Amino acid sequence: FFRFDRSVLGSKALRDFLGFGITYFATNLTFLIMWRIGEIMIRITTKDNTEVAFFSIAVAIVMTFNALFGQMVVMLLPTLATFRTLKDEARTEQWLGVSLQYLTILAFYLQFGFFAFGRQLIEVTIGADFGPVFPVLALLLVTLIPMAVFRIAITVSVLDRQLRRNLFFGLAAPAGYCAAA
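Residues numbered from 1 in each chain as written. Predicted model: local features only at pLDDT ≥ 70, side-chain atom pairs only at ≥ 80, totals over all residues. Heavy atoms only, no water.

Asker: What exactly am I supposed to notice about the overall build of the protein chain here?
Answerer: Secondary structure assignment for the protein chain yields 7 helices and 0 strands. The burial tally for the protein chain puts 34% of its 181 residues in the buried class. Here the contacts in the protein chain between residues at least 6 apart in sequence split such that 71% fall between residues at least 24 apart. When the accessible surface of the protein chain is totalled, it reaches about 11300 Å², and 70% of it is carbon and sulfur. (Helix = DSSP H or I, 4+ residues; strand = E, 2+ residues; numbered from the N terminus. Buried < 20%, exposed > 50% of the residue type's maximum accessible area, 1.4 Å probe, protein only. Contact = heavy atoms within 4.5 Å. Areas by Shrake-Rupley, 256 points an atom, 1.4 Å probe, with all protein chains shown as cover.)

Here is the structure:
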């Protein structure tokens, strides 16, 4: 009923795709570790579960915007790949530049909007008892600006099939986050 050609398992193309997928997974895993290590560190240093909960809520909100940034950039991959196939490097660079500009502008608007209305928004959406989320979220939202740059850089490395560069950017982001912390 289902025929499977086992010769595919030994092919170089399969190994290349698996290597690419594993490296891309490792990059995303480093981002996940970067965002989740803070909860462990807060628990170790403060021994207070409420502080961990407030941090976790703030991280969940920022990770939502980070995922939005990632999806916005991934949507460009077919267009960028088409430009690369057509050897139209000027349009590729133009689209990458415009994407970075818009993501950076969006990150700034999110920050400024949050600073203006964040406390009220938190009280209305999740309750006044969660007011301590505001300062943590204000600090974490600053990371959206470099995340825009990292997302564009990772997209370029995916486009160029540069596995080491992809992994480098995946490791550079947590290193910068830890240095900032």
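Asker: Can you help me understand unusual backbone geometry in this one?
Answerer: Most peptide bonds take the trans configuration, and most residues that are not glycine carry a negative phi. One non-glycine residue, Lys 47, lies in the positive phi region at around 60°. Inspection of the secondary structure puts Lys 47 in the loop between helix 1 (12–46) and helix 2 (49–74). Its identity is not glycine, yet Lys 87 carries a phi of approximately 60°, on the positive side. Within the secondary structure, Lys 87 sits in the loop between helix 3 (77–85) and helix 4 (89–125).

Asker: What should I look at first to understand the pattern of salt bridges in this one?
Answerer: Note that side chains of opposite charge can pair when their charged atoms are close. Considering all chains together, one arrives at 2 salt bridges under this definition. A salt bridge links Arg 91 to Asp 88, with the shortest nitrogen-to-oxygen separation between them at 3.9 Å. Judged by relative accessible area, Asp 88 falls into the partly exposed class, the value being 23%. (Salt bridge = Lys/Arg side-chain N within 4 Å of Asp/Glu carboxyl O.)

Asker: I would appreciate a short explanation of the nonpolar core in the present structure.
Answerer: Across soluble globular proteins, nonpolar side chains have a tendency to be buried as a group. Judged by nonpolar contacts, the single largest core of 35 residues is most densely connected at Trp 35, Val 62, Phe 114, Leu 137 and Leu 140. Elements with a minimum of two residues in this core: helix 1, helix 2, helix 3, helix 4, helix 5 (133–141) and helix 6 (144–159). Ranked by the residues each element gives to this core, the list is headed by helix 6, at 9 residues. Those residues in contact with Val 62 that sit more than four places away from it in its chain are Trp 35, Leu 137, Leu 140, Leu 141, Thr 143 and Leu 144. (Core = buried A, V, L, I, M, F, W, Y, C linked by side-chain atoms within 4.5 Å.)

Asker: Before we go on, may I ask you to explain helix 3 in this structure?
Answerer: The α-helix winds at 3.6 residues per turn, so residues separated by three or four positions along the chain end up facing the same way. Buried within helix 3 we find Leu 77, Leu 80, Phe 83 and Arg 84. Each buried residue of helix 3 lies within a common arc of 125° when the element is viewed along its axis, so the set occupies one face. Turned more than 90 degrees away from the buried face of helix 3 sit Pro 78 and Thr 85, all of them exposed. Check the buried side of helix 3 and you find it contacts helix 2, helix 4 and helix 6. Backbone geometry just downstream of helix 3 places Lys 87 in the positive-phi region, at approximately 60°. (Arc of directions from axis to C-beta.)

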